[in-house]
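Inside the fold
Next come the chains, spelled out residue by residue.
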Amino acid sequence: MLDRRRAGVTALLLSVVSMGAFAASMASYPDGWQDWPVVKESQNLPADTVLPPDTSLFIQESVRAYSWINNGQGSPLTIRVNPSKLEQYKTHGPYTDGPTAVAISEVDGIVWVTEHIGGLAIYGSYDREGKDVSHTHPSLEPSFCQSCHTTYQDICINGTCAEPVLGVYKDK
Ligand code: HEC
């Protein structure tokens, strides 16, 4: 009994410590993103999505990472691009400084932001009112965004991923 209680306290402490390690958004919240042109209507797929066995690891990870959205029910995802960067987005950069693109998970109202500074992509997660929500889920931390957007450099060029994925979703 005592052991179990101690384990509980330890688990609690661990979760407090790891929450403290959550980083805040690095990309800033771009005012006026609501008026940016929509370049893609996509979706966060539901948790029970069955992917074809030959689905790439990148897509598998992308689907799994956000399968918790809307309690596992999925959500429409709208991608908007800073009007001054539309041409840059078409070619995946190179990008000038400033906020580049947002992806809005419509049901939960999560605004994912990719910004560029000195050619490097940085990331942030906000609600629609501009409150930083990156600490509310491990997959909303900037380091987690980076682990996908910066790691898969054959797909996510200069930190943006959407275009080549379009073909993949079209095949389904
Ligand atoms: C496991 C992979 C993965 C992770 C983690 C991830 N993304 Fe993405 N992201 C994608 C994919 C795939 C797309 C393209 C979606 C589509 O085309 O439907 C995308 C698209 C985007 C876009 C639209 C612009 C573009 O083309 O890249 C933004 C903005 C974005 N992500 C920001 C973020 C932020 C901020 C985080 C972290 C909170 C994050 N992403 C985490 C895979 C990921």
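As a reminder, the structure under discussion sits directly above these lines.
What this report covers is the structure whose coordinates are included nearby. (Residues numbered from 1 in each chain as written. Predicted model: local features only at pLDDT ≥ 70, side-chain atom pairs only at ≥ 80, totals over all residues.)

Some thoughts on the overall build of the protein
Looking only at helices and strands, one finds six helices and five strands in the protein. Helices and strands in the protein line up, N terminus first, as α-β-α-α-β-α-β-β-β-α-α. (Helix = DSSP H or I, 4+ residues; strand = E, 2+ residues; numbered from the N terminus.)

Describing the sheet that holds strand S5 (residues 120-127)
Pairing is antiparallel in the open sheet, where five strands are placed in the order S1-S2-S3-S4-S5. Only two strands of the sheet have a single neighbouring strand rather than two, namely strand S1 (38-44) and S5. Taking the axes of each pair of neighbouring strands and ignoring which way they run, one obtains an average angle of 20° across the sheet. With eight bridges joining them, strand S4 (residues 110-117) and S5 adopt antiparallel strand pairing. Note that in S5 the partner of Ile 117 across the bridge is Leu 120. (Pairing = 2+ DSSP bridges. Axes fitted to C-alpha atoms, helices over the stretch in contact; angles between N-to-C directions.)

Quick look at the nonpolar core
Generally speaking, a soluble globular protein has its nonpolar side chains buried in company with each other. Among the nonpolar cores identified, the biggest contains 19 residues, and Ala 101, Val 102, Val 111, Trp 112, Val 113 and Tyr 123 are the most heavily contacted of them. Elements with a minimum of two residues in this core: strand S2 (75-81), strand S3 (98-105), S4 and S5. If sequence neighbours within four positions are ignored, Trp 112 has contacts with Val 102, Ala 103 and Ser 125. (Core = buried A, V, L, I, M, F, W, Y, C linked by C-beta atoms within 7 Å. Buried ≥ 20, exposed ≤ 12 C-beta atoms within 10 Å, placed from the backbone. Contact = placed C-beta atoms within 7 Å.)

Details of the environment of Ser 134
Within the secondary structure layout, Ser 134 lies in the loop between S5 and helix H5 (142-149). For Ser 134 and Ala 23, which are 111 residues apart along the polypeptide, the C-alpha to C-alpha distance reads 7.3 Å.

Some words on the site of the ligand
Ser 42, Trp 112, Cys 145, Cys 148 and Ala 162 are the nearest of the 25 residues found near the ligand. Among the residues making up the shell around the ligand, the classes are represented as 16 nonpolar, seven polar and two charged. (Near = placed C-beta within 6 Å. Nonpolar A, V, L, I, M, F, W, Y, C, P; charged D, E, K, R; others polar.)

Things to note about the pairing of S2
Within a regular strand, side chains alternate between the sheet's two faces. Both S1 and S2 contribute to a ladder of six bridges, which runs antiparallel. When the bridges of S2 are listed, Asn 44 appears paired with Ser 75. Bridge count for S2 against S3 is five bridges, and the pairing is antiparallel. Residue pairing across strands places Leu 77 opposite Ser 105, the latter belonging to S3.

Focus: the environment of Gly 109
For Gly 109, the position within the fold is in the loop between S3 and S4. Taking the C-alpha atoms as reference points, Gly 109 and Asp 127, separated by 18 residues in sequence, lie 5.8 Å from one another. Setting aside its immediate chain neighbours within four residues, Gly 109 contacts Asp 127 and Arg 128.

Description of the pairing of S5
Taken across its eight residues, S5 has six buried, putting it largely inside the fold. The loop that links S4 with its antiparallel partner S5 comprises two residues; one of these, Gly 118, has a positive phi angle of about 55°.

Let's talk about H5
Every buried residue of H5 is listed here: Pro 142, Cys 145 and His 149. For H5, the angular spread of the buried residues around the axis is 60°, confining them to a single face. Its buried side turned inward, H5 meets S5. (Arc of directions from axis to C-beta.)

Describing unusual backbone geometry
A cis amide bond links Gly 93 with the next residue in sequence, Pro 94, at an omega value of 0°. Of note in this structure, Asn 158 is not a glycine but carries a positive phi near 55°. Of note, Asn 158 is situated in the loop between H5 and helix H6 (162-170). C-beta crowding within 10 Å serves as the criterion here: with 20 such atoms nearby, Asn 158 is assigned to the buried category.

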